[in-house]
Structure formats: C-alpha cells, structure tokens
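# Breakdown of the fold
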Amino acid sequence: MAKNNLYSKVTASGGARQSRITLQSRWAAYVQHHKLTAVESLLRLLKSPGGSAMTWVVLAIALALPMTLYVSLENVKQLSRAWDQSSQISVYLKANTLPRFAQALTQDIQDMPTVAQAVYISPEQALSEFSASTGLSDVVQGLENNPLPGVISVIPKLDGKGSGAVEDLELALSQLRHVESVQLDLLWVKRLFQFMELGQRLVWALAALLGLAVLLIIGNTIRLSIESRRDEILVVKLVGGTDAFVRRPFLYTGIWFGLGGGLIAYMLLSIGLYWLSGPIENLISLYGSDFVLQGLSLGDSLLLIFDGVLLGWFGAWLAVSRHLAKIKP
Amino acid sequence: MAHVRFDNVSKSYPGGHQALSELSFEINQGEIAFLTGHSGAGKSTLLKLIMLMEKASHGQVLVDGVNLARLSNGQIPYHRRRVGVVFQNHQLLFDRSVFENVALPLRISGYTSRDLERRVRAALDKVGLLRYEKKSPIELSGGEQQRVGIARAVVNKPSLILADEPTGNLDPKLSREIMNLFEQFNDVGVSVLIASHDLNLIGRLDHRVIALKDGRLLGERAAGERTAGGSTSGVTRG
C-alpha cells in the first residue's frame, strides 16, 4: 500500500487543490460526461428490450398519426393545385368589341400577376366550336348573325392563396373596359378551401393531443425510472451532484425514447405510403391525372424525428422537475 | 480558525421532536474528534446539519467560516463536494463496479478520465482494495464495502471528513483498521469527525471526544486525556 499517496499533495490548507481544475479540462469532462451518460442511458433502455420496445411503439403510433393526416393533406393540396389549373374564369366581352381591342385586353389580362394564362376566343371561333361540339351546324348556319360574344378564357395563378385571391381577380377583371360580365364557379373552390382549412385544423388538434399523450407516456416512464433509481439519486446528491447532473441521465433517457419513437414512426409511415402508393396511382391514372403520391420529404422526416426527440426531452424534463425535488437526502 | 463551528444550534423537527438544543462547539482545522452518545442523542442530526441535509432551526453552523444558512440551494452541491462522508450503511451503488462507485464524486466535480483513473486508483490503493476495482460491491465483505465507502469519501481530497457509525457492523479488528485509516488522513491535515457509540474503541484511542445526550452537549474530553480517567468516565456515562 503506497502510504499517503492520495493525500501526498495535501498541505495544511486541506483539500484546496481540488478547486484548481482548469476551465478547459472542466469543459472536456463535461462533454465526456454527456457522452458517457448518453451511452449509459441507451444501454439501460436496451437492457430491458421488451418494455422499451413497447414504449417506443406506443410513441411511434402517437407520432405517426398526425403525420399521416399531414401527408394526406399535403397530397390533397397537390391534387387541388391541379384543380386550380383547370378552374377557369370566363370573361365575356361586350358585343361589337373590335378584335384588336379584344386582343389588347387579352394581353393586359395575361400580364396580371395572378393570371397564369389568358386566351381570346373570338365570336366566330366560339360559334364554330359550338357547332362542332353540338353537331348543330345546320342550325348555326341558318343564323343571320352570330349571337355569341367574344370570350377571354382566364386561368388564375393562385398557388394556394385561398379563395379570397380568386374573388379579387374576379373583381379586377369585371372592372376592365369592354367587359360585359365575368363568370366563375366559385362555390366548389370555396368548399375545397374550407375543407382544406378544416383538415389543417384537424391535423393541428390531433398533433396537439397526441403530443400531449407522448409527453404523458414519457413522463410516466421517467417517473418509474426515477423511483427505481432513488438510491442512486440520493448518493449523487450527497456527494455533491448538482440538479443538472442528477437530471442528465433521465433527460437522455427521454431523448432516446423520443428518437426511437420518431424513427419507428418514420418507418411506419414509409411502409404505409409504399403499401398505398400502388392502388392510389392506379386509381388516379384511371382519371387521367398526372398526380403523383407524395411521400415524406426529407424535411418532414427530419421534423418528425426532431419532434420526437424534443417531446421526449421535454416530457423527461417535466417528470424530473416534478419528482426530483421530492428526493432529498 | 475553526473548521466547523456550532453556535448555539437547535434543531427541531415538525411534530415537536427536539433533536439538538443550544449546541455550541468547535472543531479546529486538522483536528480529529469523536462524537458519541446513545442513539437518538443527536449525532446523526449534527452531521446532517454540516452536510446541509438538514437546516438548523436556530443558531449558526459555520464551515470554513461560511455560515451554511447563507448558502443558496444552488451552492449546496459545491459545499458537499468539500466534505467527505462515510455512512454506516456505506450507501454504495450495487449496479456498478467498485471503481465507478469511487469515481462518482470525481465525475460530479468534472474530472477527465485520465485524472479520474489516477485518483480513483490512489484512493482504492489507500484503503487496500485496488485489486477489487472491477468487482461489484455486493461481492465484497462488510468491512471491504465500508472501505470502498471511505475511498469514495476521500477521493475528492476533502479537507473535512464526516463518518456516521463507520464501524457499526464490524468486528473490533476491522473497526481498528477503519479507525487507523481515518487517523492516517488526519495525519496529513484533514479534519475528521466520527460519530460512534463504540465506547471501547473510542476509549482506546487518544482523541478528543464530544458527548451528546438528548441533543445537548453532555461533556468533552480533550485529546491526550485518556489516562486522566475521570473525564473519560464522565463521557462514557453519557
């Protein structure tokens, strides 16, 4: 036994040496302890794989549900953008508007920022299209003069700006010179936007509720973990562990739960989307649309996993602040 | 300067139990002293006040001239790091190795691995358990476990060591070894306060004795008065 080597450097001033740790080495030790705690917390979870897996799957389901709704909504939005393209406004010109005024007006409308495309259909063109599509060419030929007005067919460029933008455009068009009237089937566009609004709110409500569920699940799991490590917490506090030190392993446990839940949720969603993509694409192709089922973007995937981690950390933090104060040496 | 100073300290618990009453004494820097008395005399409470596990109801407890009542909750951990404690039931964690048990205070204080390993090995070497560093404390005997507890208490080189019945469950030979360790730490300038009701052991050692009864100071025996007899019996009576 090497006598006195432990206290060999201690003088009459006692253990004053211990406070002489440089800031740099303190930081290194801090980082080192974070790594150590992170690994230990993960190993602790993996030590009871059954229970941990169950928690992970429950968290994954809670995280995947609102994300599923969100992905569905994003797809409907994409679909509705295709419909925006087909929704057109018919601008009827006054009778006897000269073709060159009509052409100029078409160009003006084309130049408006909320207009994707404006096409002038002259009365003659309209009449011939009418006779061709209805097969009433005999009747048409019997007419003395052309009863059809000139029309500018306008396709709005809305980019999901909502129904207000369509109405603004309609108003602007109706105030132009030579314009007799403007027609637009606004109702279904309005309905669609209302449905999307509703869908969006549902997603938020569901996300909030299930986020709360995630917090409670993690909080409860961490509470049990705190109870089972009570002795350890007492000893750590007695030998001078700060609250942050005591909290650290539990916060990492929460982060691991959240990360695992987020990753499994991502896998569930990916598998679900893959499973659905075949039938949906078949269905859509029957309608002759070029709609492509949108999967999770990289951003959305990272957001999902990050949300899991954040909720895990926060749930653990809530549980630890509530229960740790009660454990006093 | 007094290392530990109790100034008219009283401690009462909710429900009216008076654990300490108007207690005043000093432990000097580098002094070793025994705290004795029946169970319930207030020994544990006294140590808890120094560790800030409890706060005094009245009076002042000063350690290194700092009034403990003035410390904020955030400062308490740093105060505890300057005091090494040995418990009767040693409070070891059985889910980790002997090495990790001893390393705990250093991890808390922010030592890097290299420094930490050196210090833990030195502490284990000091208590003669270096060969057991990889074992779980549960595999060790009671005396060995207590020595692991001592290694943990001294690994951070505290200037003050408190021990609460460190020989409570040990036979006389092991008890003597444990006391010998404390004396060695005291030899290099560390203040040591040992609560014990093992009067045989205390009687054979030539250190200062502070005797409590019902939370009051019953009597004192200064170091080197062992042969004086009269005051020893005065103490043992308590």
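These lines cover the structure that appears in this document, whether it is placed above or below. (Residues numbered from 1 in each chain as written. Chains lettered and ligands numbered in written order. Predicted model: local features only at pLDDT ≥ 70, side-chain atom pairs only at ≥ 80, totals over all residues. Heavy atoms only, no water.)

## Digging into the overall build of chain B
Helix and strand counts for chain B come out as eight helices and ten strands. In chain B, buried positions account for 58% of the 238 residues. Taking all contacts inside chain B whose residues are at least 6 apart in sequence as the whole, residues at least 24 apart take part in 66%. Accessible surface computed for chain B: about 9,700 Å², of which carbon and sulfur atoms make up 46%. (Helix = DSSP H or I, 4+ residues; strand = E, 2+ residues; numbered from the N terminus. Buried < 20%, exposed > 50% of the residue type's maximum accessible area, 1.4 Å probe, protein only. Contact = heavy atoms within 4.5 Å. Areas by Shrake-Rupley, 256 points an atom, 1.4 Å probe, with all protein chains shown as cover.)

## Thoughts on the interface of chain B and chain A
Many analyses report the size of an interface as the accessible area lost when the parts associate. Facing 40 residues of chain B, the contacting portion of chain A comprises 35 residues. Taken over both partners, the interface formed by chain B and chain A buries close to 3,400 Å², and the fraction arising from carbon and sulfur atoms is 60%. Linking chain B with chain A are two salt bridges, by the criterion used here. In this structure, E232 of chain A and R96 of chain B form a salt bridge, with 2.9 Å as the shortest nitrogen-oxygen distance. Joining chain B to chain A, the criterion identifies four residue pairs in polar contact (both at pLDDT 80 or more). Mapped by element, the contributors of at least two residues to the side of chain B that touches chain A are α2 (76-81), α3 (98-109), α4 (113-126), α5 (142-154) and α6 (172-187) of chain B. Among the residues making up the side of chain B that touches chain A, the classes are represented as 19 nonpolar, ten polar and eleven charged. (Buried area = accessible area lost by both parts, 1.4 Å probe. Salt bridge = Lys/Arg side-chain N within 4 Å of Asp/Glu carboxyl O. Polar contact = N/O pair within 3.5 Å; in protein donor to acceptor, adjacent residues only side chain to side chain. Nonpolar A, V, L, I, M, F, W, Y, C, P; charged D, E, K, R; others polar.)

## So, the pattern of salt bridges
Residue and element names in this part refer to chain B. Using the criterion set out here, one finds 20 salt bridges over all chains in the structure. R5 is paired through a salt bridge with D7; the nearest N and O atoms lie 3.1 Å apart. A residue is classified by how much of its surface remains accessible, and R5, at 33% relative accessible area, is partly exposed. Residues E220 and R208 are paired through a salt bridge, measuring 2.9 Å at the closest nitrogen-oxygen approach. Residue E220 is located in strand β10 (residues 216-221), and its partner R208 is located in strand β9 (residues 208-213); the two are separated by twelve residues in the primary sequence.

## Things to note about the packing of α3 of chain B against α4 of chain B
Two quantities define a packed helix pair, namely the angle between the helix axes and the distance between the axes. Residues and elements named next belong to chain B. Running from amino to carboxyl end, α3 crosses α4 at an angle of 120°, the nearest separation of the two axes being 9 Å. Accordingly, the angle class assigned to the pair α3 and α4 is oblique. In this structure, α3 crosses over α4, and the sense of that crossing is right-handed. Counted together, V98, F99, V102, A103, L106 and R107 of α3 and L116, E117, R119, V120, R121, A123 and L124 of α4 form the full contact between these two elements. The residue inventory of the contact of α3 with α4, partitioned by class, reads nine nonpolar, no polar and four charged. (Axes fitted to C-alpha atoms, helices over the stretch in contact; angles between N-to-C directions. Parallel < 35°, antiparallel > 145°, perpendicular 65-115°, else oblique. Left-handed = near helix turned anticlockwise from the far one by under 90°.)

## What to know about unusual backbone geometry
Residue and element names in this part refer to chain B. In this structure, N8 takes a positive phi of about 55° despite not being glycine. The topology assignment puts N8 in strand β1 (residues 2-12). Notably, D64 is not glycine yet its phi reads approximately 55°, a positive angle. Relative to the helices and strands, D64 resides in the loop between β4 (58-63) and β5 (66-67).

## Overview of the sheet that holds strand β4 (residues 179-183) of chain A
Residue and element names in this part refer to chain A. As summarised here, the arrangement of the four strands in space is β2-β3-β1-β4, forming an open sheet in which the pairing is antiparallel. The open sheet has two free edges, formed respectively by β2 (115-121) and β4, since each of these has just one partner strand. For this sheet, the mean inter-axis angle between neighbouring strands, taken without regard to orientation, is 20°. Bridge analysis of strand β1 (residues 89-93) against β4 gives four bridges, and the strand direction is antiparallel. Residue pairing across strands places V91 opposite V182, the latter belonging to β4. Against the sheet, helix α3 (residues 99-110) makes contact with β1, β2, β3 (151-156) and β4, and its axis sits at roughly 170° relative to β2, the strand it touches most. (Pairing = 2+ DSSP bridges.)

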